[in-house]
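Residue-level listing of the chains:
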Amino acid sequence: MARGRLRIYLGAAPGVGKTYAMLSEAHRRTERGTDCVVAFVEHHDRPRTEVMLHGLEEIPRRELEYRGGVFTEMDVDAVLARRPRVALVDELPHTNIPGSRNAKRWQDVEELLAAGIDVVSTVNIQHLESLGDVVESITGVRQQETVPDEVVRRADQIELVDMSPQALRRRMAHGNIYQPDKVDAALSNYFRPGNLTALRELALLWVADRVDEYLNAYRSEHRVSAIWGSRERIVVGLTGGPEGRTLIRRAARLAEKGAGGEVLAVYISRSDGLTSASPKELAVQRTLVEDLGGTFHHVVGEDIPAALLDFARGVNATQIVLGVSRRRSWQYVLGPGVGATVARDSGPDLDVHLITHDEAGKGRLPRGSSARLGRSRIIWGWLTGVLGPALLTWLLTGAAPEVGLTNDMLLFLALTVASALLGGLLPALTSALVGSLLLNWFFTPPVHTLTIADPENIVAIAIFVGVAVSVASVVDLAARRTQQATRLRAESEILSFLAGSVLRGETSLEALLERVRETFGMESVALLERADDVAPWTCAGSVGPRPCRTPENADVDMPVGDHLTLALSGRVLPASDRRVLAAFAAQAAVVLDRQRLRQEAGRAKELAEGNRIRTALLAAVSHDLRTPLAGIKASVSSLRSDDVEWSEEDRAELLEAIEAGADRLDHLVGNLLDMSRLQTGTVTPIVRETDLDEVVPMALGGVPEDSVELDIPETLPMVDVDRGLLERVVANVVENAVKYSPEGTPVLVKASSLADRVEVRVVDRGPGVPDEAKERIFEPFQRHGDSPRGVGVGLGLAVARGFAEATGGTLTAEDTPGGGLTMVLSLPPARGRGPVTAVRDGHARLLVRRESLEDIRRRDVGL
């Protein structure tokens, strides 16, 4: 009997729609006439999923008794007896109730498949056995129900059911996944955006690997031997010319066509001085590459094609993009060019693309080393000047002995001019000397002697030598002038770039030092400074490996003033480069001063903010504190008055007003003092291991009875906090929540543990706060909306956040699903306790008791 086929709907988390997609597939197959039954599907009271079960045949479940309860499982025997064409089996990793036919549901599915029944099932990515540790590190929850990866991998078809974390959380908040009483806990624990994003990435990567397996299997079955590059890494070779932008954009388009394509732009410069490429143009191309999602690299190398291929192979590239050569036709006599050389030496694993552009054929881009007749040209010049006359002599004496002395001289003169064009002055002089000797020995009568019989021949040879020396001198002078012009152009562009960065204030110190390293081809660059002539050097900024720590250890140092220097390591710079280096050093000093001025401005802003706080404190003292003082004074004066006989009810009311005013004064003064401590930085937390169930209840004494519902699991780990500061944070946040909650609706204070944090969430059902105001409510003297002056001076939440950050935690605001505001206090777990354990289902309900504010402050040991 043929084995059945297995189809799996894979999801990143519960609620993405796996069961719904499976039932939709069942309806489509049923409409096509396929015999399809529901062997086991759990709708979890989700209305839309439950509706999808209508119209499908369901196999009755088997009932099992376990520990006094009755549970239902899939009846494997009934499904085998029914023998449908397709069976729907939900939740493949499920563990069956003891007494079932098999321990795991996937084992039940194996029986159905062995019987020739096709099965459609569902799995969440967190239930794969190999990902158990990864999922636990992300969510803090260890999955007990898992399925072996091999079972899922053997599936004939795997379909990913995907949904963004934001959409899934909206479904959760709308009650489409869990019951309303479980929504808050789910959103604040497992269904956090970070958790969902990480699980989604796991699912996508796992399915992508499965697709690669399918591809490899297909290639093996069909004996496909050619390389199919499914993921492309493209290297773009840049010359520093304007055509680089075209190459980068073309490479980005190529990368978009392949899965996971990556673009790496590389500029290769020689190590003998300033590069001839425009720094401004390279900066534009660097920005363009990074904007398109690629990376920019700078490599130093003498042999451009070899360096480019080495880089491409080093990064495991699959393609190289180069521009069509800028050379003119006659310049190919000097060599095949970079593009042709790279294409020839790339081998079968690297594809080379030559891209046309507007600069093609307009002339070779001059480089600093080429303008100075670099090594390859000088070698060719010497070969032409030394071997060329000998080869020409052999040709003239053997193949064309009757050409004549005049033509012989012209040919030797042409060879000398060629050596001058290639190698400069010295090869040309050598060519002239060797050519004149060969002319005298082989072609000037009497031959085979150095004697010249005819005086006219002496004049001709003298003219030959003079012309050769003159041409060589002119060529060498032109080369030097070209080199100087190229160098001056590079210097002017660098200086223009520096001037522009000064005016715009754009360059950071690290970016500027990186520009120095790239421009001069150095290994590392450091900006060193010291306080005086005898103080040790300190590093204000550096780039590259192993930067110098003293100017004495640097290959090149450029002083800037008496106590600042730019130190470079890698090679010794020629004196001609130091002028530009001095401009860089001066700019580095300016950037360093600008950074320090910015820091000073920040400190000045902090001082100004402190002055603003103090001014606001004075305003609060003069206004908000005057009202309770006036009420207390009025009540005391009334009680002391002999003109009025107060009843016991009136006396009690006046005393209550005095007590309320005193409590309000105490609260306001406490917040003012706390804010003052935060602003002056005098809060010194005493951090120690603390149980939340020992601190949080103590912070609730200042709120009315039955106004807070406390939910703290007994299994929560201890946290490293200052107990006094934590108590004040919780007290301020809870008092604020109670103040804005509707009457009769208690505030929920609950704690939970995550992968590496412990959270206390204060949930109210008040009017809430819009997103744009969620950060503003934590600023001092800020009261949201039209809150009256009598509700406080707006310091409670500012003090709470300040104390939370002082003790190593964070305090943020979130929307409460269904309306209201949730304050999230995140705390670090106690050190040395390993990963935070998951919160179990059972929670302890603690009774909130009243306590005076003075008793709470008495235990505030952290202040």
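None of these values were measured; they are calculated from a predicted model. (Residues numbered from 1 in each chain as written. Predicted model: local features only at pLDDT ≥ 70, side-chain atom pairs only at ≥ 80, totals over all residues. Heavy atoms only, no water.)

## Section: the sheet that holds strand E14 (residues 524-529)
- Judged by pairing direction, the sheet is antiparallel, and its 4 strands sit side by side in the order E15-E14-E17-E16 without closing on themselves. The sheet is open, and its two edges are formed by strand E15 (538-543) and strand E16 (556-559), each paired on a single side. This sheet shows a mean twist of 20° between the axes of neighbouring strands, independent of strand direction.
- As judged from the 6 bridges shared by E14 and strand E17 (residues 564-569), these two strands associate in the antiparallel manner. Looking across to E17, one finds that Ala526 is bridged to Ala567.
- Along the sheet, helix H19 (residues 509-520) contacts E14, E15 and E17; its crossing angle with E15, the most-contacted strand, is approximately 65°. (Pairing = 2+ DSSP bridges. Helix = DSSP H or I, 4+ residues; strand = E, 2+ residues; numbered from the N terminus. Axes fitted to C-alpha atoms, helices over the stretch in contact; angles between N-to-C directions. Contact = heavy atoms within 4.5 Å.)

## Structural notes on the side chain of Thr822
- Locating Thr822 in the fold gives a position in strand E24 (residues 821-827).
- On the basis of relative accessibility, which here comes to 3%, the residue Thr822 falls in the buried class.
- Side chain to side chain, Thr822 and Thr816 meet in a polar contact 2.6 Å long.
- Residues within four places of Thr822 in sequence aside, it is in contact with Arg761, Val762, Val763, Thr812, Ala813, Glu814, Asp815 and Thr816. (Buried < 20%, exposed > 50% of the residue type's maximum accessible area, 1.4 Å probe, protein only. Polar contact = N/O pair within 3.5 Å; in protein donor to acceptor, adjacent residues only side chain to side chain.)

## Quick word on the environment of Arg761
- Considering the arrangement of structural elements, one finds Arg761 in strand E22 (residues 758-763).
- Ignoring anything within four residues of it in the chain, the contact list for Arg761 reads Ser188, Arg192, Leu748, Val749, Lys750, Glu814, Thr822, Met823 and Val824.
- At 2.8 Å, the side chain of Arg761 forms a polar contact with the side chain of Glu814.

## A closer look at the confidence of the model for the chain
- Mean pLDDT for the chain: 77, with 77% of residues reaching 70 or above.
- The low-confidence segment residues 365-371 (pLDDT under 50) makes 20 contacts with residues lying over four places distant or belonging to another chain.
- A low-confidence stretch, residues 833-863 stays under pLDDT 50, and its non-local contacts, those more than four residues away or across chains, total 77 contacts. (pLDDT = per-residue confidence, 0-100.)

## Let's talk about the packing of aromatic side chains
- Inspection of every chain in the model, using the stated rule, returns 2 aromatic pairs.
- Ring geometry for Tyr190 versus Phe191: centroids 5.7 Å apart, planes at 65°, classification edge-to-face.
- A cation over an aromatic ring shows up here: Arg61 above the ring of Phe40, its NZ or CZ 4.0 Å from the ring centre. (Phe/Tyr/Trp six-rings, centres within 6.5 Å; stacked < 30°, edge-to-face > 60°. Lys NZ or Arg CZ within 6 Å of the ring centre and 35° of its normal.)

## Considerations on a nonpolar patch on the surface
- A surface patch of nonpolar side chains, about 820 Å² in accessible area, is lined by Ile378, Ile379, Trp380, Trp382, Leu383, Val386, Leu387, Leu426 and Leu429.
- Where the nonpolar patch is concerned, the elements lending two or more residues are helix H15 (375-398) and helix H17 (425-443).
- With 7 residues, the top contributor of residues to the nonpolar patch is H15. (Patch = residues over 30% accessible without salt bridge, like charges linked within 9 Å, V, L, I, M, F, W, Y side chains within 5 Å. Areas by Shrake-Rupley, 256 points an atom, 1.4 Å probe, with all protein chains shown as cover. Salt bridge = Lys/Arg side-chain N within 4 Å of Asp/Glu carboxyl O.)

## Comments concerning the packing of helix H24 (residues 723-740) against helix H25 (residues 796-806)
- Orientation of H24 relative to H25, taken along the N-to-C sense of each, is 150°, at an axis distance of 9 Å. Regarding the angle of H24 to H25, the classification is roughly antiparallel. Where H24 crosses over H25, the handedness of that crossing is left-handed. Across from Leu725, Arg728, Val729, Asn732, Val733 and Asn736 in H24, the residues of H25 making contact are Gly796, Leu797, Val799, Ala800, Phe803, Ala804 and Ala806.
- In the contact of H24 with H25, the residues fall into 9 nonpolar, 3 polar and 1 charged. (Parallel < 35°, antiparallel > 145°, perpendicular 65-115°, else oblique. Left-handed = near helix turned anticlockwise from the far one by under 90°. Nonpolar A, V, L, I, M, F, W, Y, C, P; charged D, E, K, R; others polar.)

## As for the pattern of salt bridges
- Scanning the model with the defined rule gives 27 salt bridges in all.
- Salt-bridge contacts for Arg761 lead to Glu759; the nearest nitrogen and oxygen are separated by 3.1 Å. Here Arg761 and Glu759 have matching classes, each one buried.
- We note a salt bridge from Asp771 to Lys774, for which the minimum N-O separation is 2.7 Å.
- In the salt-bridge network here, residues are joined through shared partners; they are Arg7, Glu25, Arg28, Arg29 and Glu159.

## Some words on the sheet that holds strand E2 (residues 36-40)
- Ordered by their spatial adjacency, 6 strands build an open sheet running E3-E2-E6-E7-E1-E8, and the pairing between neighbours is parallel. Only two strands of the sheet have a single neighbouring strand rather than two, namely strand E3 (57-58) and strand E8 (157-161).
- Note: E2 against E3, 2 bridges, orientation parallel. Of the residues in E3, the one forming a bridge with Val38 is Glu58.
- Against the sheet, helix H1 (residues 18-31) contacts strand E1 (6-11), E2, strand E6 (86-89), strand E7 (118-124) and E8, and its axis sits at roughly 145° relative to E1.

## Looking at a negative patch on the surface
- Together, Glu648, Glu649, Asp650, Glu653, Glu656, Glu659 and Asp663 make up a negatively charged patch on the protein surface.
- For Glu648, the position within the fold is in helix H22 (residues 648-680).
- According to the relative accessible area criterion, Glu648 is exposed, its value standing at 60%. (Lys, Arg positive; Asp, Glu negative; His and termini not counted. Charge placed at Lys NZ, Arg CZ, Asp CG, Glu CD.)

## Observations regarding helix H13 (residues 338-345)
- Turning to H13, its buried residues are Gly339, Thr341 and Val342. Along the long axis of H13, the arc covered by the buried residues comes to 165°, so they all point the same way.
- At its buried positions, H13 is contacted by helix H12 (304-314), strand E12 (319-323) and strand E13 (351-355).
- Gly347 lies just past H13 and shows a positive phi near 80°. (Arc of directions from axis to C-beta.)

## Quick look at unusual backbone geometry
- Of note, Arg67 is a non-glycine position whose phi angle comes to about 55°, a positive value.
- Here Arg67 shows up in the loop between strand E4 (62-66) and strand E5 (69-73).
- The phi angle at Arg83 is positive, at roughly 45°, despite the residue not being glycine.
- Among the secondary structure elements, Arg83 is positioned in the loop between helix H3 (76-82) and E6.
- Judged by its relative accessible area of 43%, Arg83 falls in the partly exposed class.

## A look at the nonpolar core
- By size, the foremost hydrophobic cluster in this structure holds 61 residues, and its most contacted members are Leu88, Leu112, Ile125, Phe191 and Trp206.
- The greatest single-element share of this core, amounting to 6 residues, is contributed by helix H9 (residues 193-221).
- For Leu88, the residues in contact, after removing those within four places along its chain, are Met22, Leu23, Ala26, Cys36, Val37, Val38, Ala39, Phe40, Val41, Leu56 and Val120.
- If you look at the next biggest cluster of nonpolar residues, it comprises 42 residues, including Leu700, Leu726, Val730 and Val799. (Core = buried A, V, L, I, M, F, W, Y, C linked by side-chain atoms within 4.5 Å.)

## Description of a positive patch on the surface
- Residues Arg249, Arg250, Arg253 and Lys257 make up a contiguous surface patch of positive charge.
- Topologically, Arg250 is positioned in helix H10 (residues 243-256).
- Residue Arg250 is classed as partly exposed on the basis of its relative accessible area, which comes to 34%.

## Thoughts on empty space enclosed by the protein
- If you walk through the whole model with that rule in mind, you get 7 cavities of 30 Å³ or more.
- The volume enclosed by the largest cavity comes to roughly 80 Å³.
- Looking at the lining of the largest cavity, the elements that each hand over two or more residues are E4 and H3.
- Along the lines of polarity and charge, the residues of the lining of the largest cavity split into 3 nonpolar, 3 polar and 6 charged. (1 Å grid on protein atoms, 1.4 Å probe; cavity = no way out; pocket = protein on both sides within 12 Å on 5 of 7 lines; lining within 4 Å. Points joined across faces, edges and corners; volume = space filled by probe spheres on them.)

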